[in-house]
Amino acid sequence: MSDGWAESAKAWIADMGTTGDFGRACVLDRPMLERIGAGRFSSALDVGCGEGRFCRMLAERGIRTVGIDPTEALIDEARRRDPQGDYRIGRAEQLDFPDASFDLVVSYLSLIDIPDLAPAIAEMARVLRPGGSLLIANLTSFNTAASPGLGARLGLRPAVDRYFEERPEWVSWRGIRVQNWHRPLETYMALLLRQGLELRHFAEPSPYAGNPLRVALYRRAPWFLIMEWRKPDRMISSRVDDDGDGATKA
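Everything numeric here is computed off the predicted structure, so don't read it as measured data.

Caption draft 1: The overall build of the protein, seen in detail. Tallying secondary structure elements over the protein gives nine helices and eleven strands in all. Evaluated residue by residue, the protein yields a buried proportion of 47% over its 250 residues. Nonlocal contacts in the protein, meaning residues at least 24 apart in sequence, comprise 65% of its contacts between residues at least 6 apart. When the accessible area of the protein is evaluated, it comes to approximately 12800 Å², of which 51% is carbon and sulfur surface.

Caption draft 2: Region of the structure containing the sheet that holds strand β10 (residues 198-203). Ordered in space as β3-β2-β1-β4-β5-β11-β10, the seven strands form an open sheet in which the pairing is mixed. Where the open sheet ends on each side, the last strands, each with one partner, are β3 (86-89) and β10. Between one strand and the next, the sheet's axes are offset by a mean angle of 15°, whatever the strand orientation. Here strand β1 (residues 43-47) pairs with strand β2 (residues 64-69) via five bridges, running parallel. Bridged to Asp46 within β2 is Gly67. Across the sheet, helix α5 (residues 117-126) lies against β1, β4 (102-108) and β5 (128-139), angled at about 140° from β5, the strand it touches most.

Caption draft 3: Representation of the pattern of salt bridges. Within the structure shown, the criterion is met by 18 salt bridges. For the salt bridge of Asp29 with Arg53, the shortest nitrogen-to-oxygen distance reads 2.7 Å. On the criterion of sequence distance, the pair formed by Asp29 in helix α2 (residues 22-38) and Arg53 in helix α3 (residues 53-60) is long-range, its members being 24 residues apart. Take Asp29 and Arg53: they sit in the same class, and that class is buried.

Caption draft 4: The packing of aromatic side chains, seen in detail. Tallying each qualifying case throughout the model produces nine aromatic pairs. Taking 5.0 Å as the distance between ring centres and 75° as the angle between the ring planes, the aromatic pair formed by Trp5 and Trp12 counts as edge-to-face. Judged by relative accessible area, Trp5 falls into the buried class, the value being 10%. The buried category is assigned to Trp12, whose relative accessible area is 8%. An aromatic cluster is present here, built from Phe22, Tyr218, Trp223 and Phe224 joined pairwise through their rings. When the ring centre of Trp170 is taken as reference, the NZ or CZ atom of Arg177 above it lies at 4.2 Å. In this structure, Arg214 packs its charged tip against the face of Phe22, placed 5.2 Å from the ring centre.

Caption draft 5: Geometry of the packing of helix α1 (residues 5-16) against helix α4 (residues 72-81). It is the contact of α1 with α4, at a shortest axis distance of 9 Å, that shows an interaxial angle of 35°. Residues Trp5, Ala9, Trp12 and Ile13 of α1 form the contact with α4, whose participating residues are Ala73, Leu74, Glu77 and Arg81. Of the residues that constitute the contact of α1 with α4, the class distribution is six nonpolar, no polar and two charged.

Caption draft 6: Structural detail: the nonpolar core. Counting residues in hydrophobic clusters, the biggest one holds 52 residues, and the most contacted among them are Ile36, Leu45, Phe54, Val105, Met124 and Leu134. Looking at this core element by element, the count peaks at seven residues for α2. If we skip the residues at most four places from it in the chain, Val105 touches Leu45, Val47, Met124, Val127, Leu128, Ser133, Leu134 and Leu135. If you look at the next biggest cluster of nonpolar residues, it comprises eight residues, including Ala9, Leu74, Ile176 and Val178.

Caption draft 7: View of α3. By the criterion of burial, α3 is predominantly enclosed, with six of the eight residues buried. Among all positions in α3, only Arg53, Phe54, Cys55, Arg56, Met57 and Leu58 are buried. One or two steps after α3, the chain reaches Gly62, where phi turns positive at roughly 80°.

Caption draft 8: Structural detail: the side chain of Ser8. Its place among the elements puts Ser8 in helix α1. Take Ser8: its relative accessible area is 3%, and that puts it in the buried class.

Caption draft 9: View of α4. Leu74, Ile75, Glu77 and Ala78 are the residues of α4 that are buried. Down the axis of α4, the buried side of the element spans an arc of 160°, and every buried residue falls inside it. Facing away from the buried side of α4, by more than 90 degrees, are the exposed residues Glu72 and Arg80. Residues of α4 that are buried make contact with α1, β2 and β3.

Rules used in this analysis
Residues numbered from 1 in each chain as written. Predicted model: local features only at pLDDT ≥ 70, side-chain atom pairs only at ≥ 80, totals over all residues. Heavy atoms only, no water. Helix = DSSP H or I, 4+ residues; strand = E, 2+ residues; numbered from the N terminus. Buried < 20%, exposed > 50% of the residue type's maximum accessible area, 1.4 Å probe, protein only. Contact = heavy atoms within 4.5 Å. Areas by Shrake-Rupley, 256 points an atom, 1.4 Å probe, with all protein chains shown as cover. Pairing = 2+ DSSP bridges. Axes fitted to C-alpha atoms, helices over the stretch in contact; angles between N-to-C directions. Salt bridge = Lys/Arg side-chain N within 4 Å of Asp/Glu carboxyl O. Phe/Tyr/Trp six-rings, centres within 6.5 Å; stacked < 30°, edge-to-face > 60°. Lys NZ or Arg CZ within 6 Å of the ring centre and 35° of its normal. Nonpolar A, V, L, I, M, F, W, Y, C, P; charged D, E, K, R; others polar. Core = buried A, V, L, I, M, F, W, Y, C linked by side-chain atoms within 4.5 Å. Arc of directions from axis to C-beta.

As structure tokens, then:
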């Protein structure tokens, strides 16, 4: 069954333009780039790179970047806009790279598009070098749990509903119709912690530019979150020792 991305690629490319939509250009780009600027990254993988906008931003900062996306039309556009870039068709659930290949792995609003999230996060952690960072921008789970139908019936803004029920939802805007996944925040956190990653940064960014009416709307509640997870230099797994005295062994 199609997730809508192939059919929506042309509209997506037009909607993103060169600067991205409001959420990217006016809410997420600056804090995402601040986290990248605080690190010393030489290589990056952008998982779900779309038409390659953020890959180009990373490359401008001297970071050797590979972008992957499962939608052929988006990869074609990324290659057209950046002929010197490295863009490949691929899926997060099965990354075609050796272990510890990148200093930085980026998921910029792509986790919501991935049906099978557990192997995808495991793969992102696998290709990350020890000491490297997994940098995530995602819709908040309050956002993805919002039910437009319920809100409309009550004469209110969309209301949070069925928060704990993981599910796909079809979303449509400006000629784009794609399938997104709602998951409670604890699902993301548990899967990331399971990989032994360490949370180093968490933020719910608010707009820093843009149309005042849009800014006011986005400041009423958090639409996005940013997380930076670090892969320890030495992965340690603790267990109760064989003597049963509660001591742990690395």
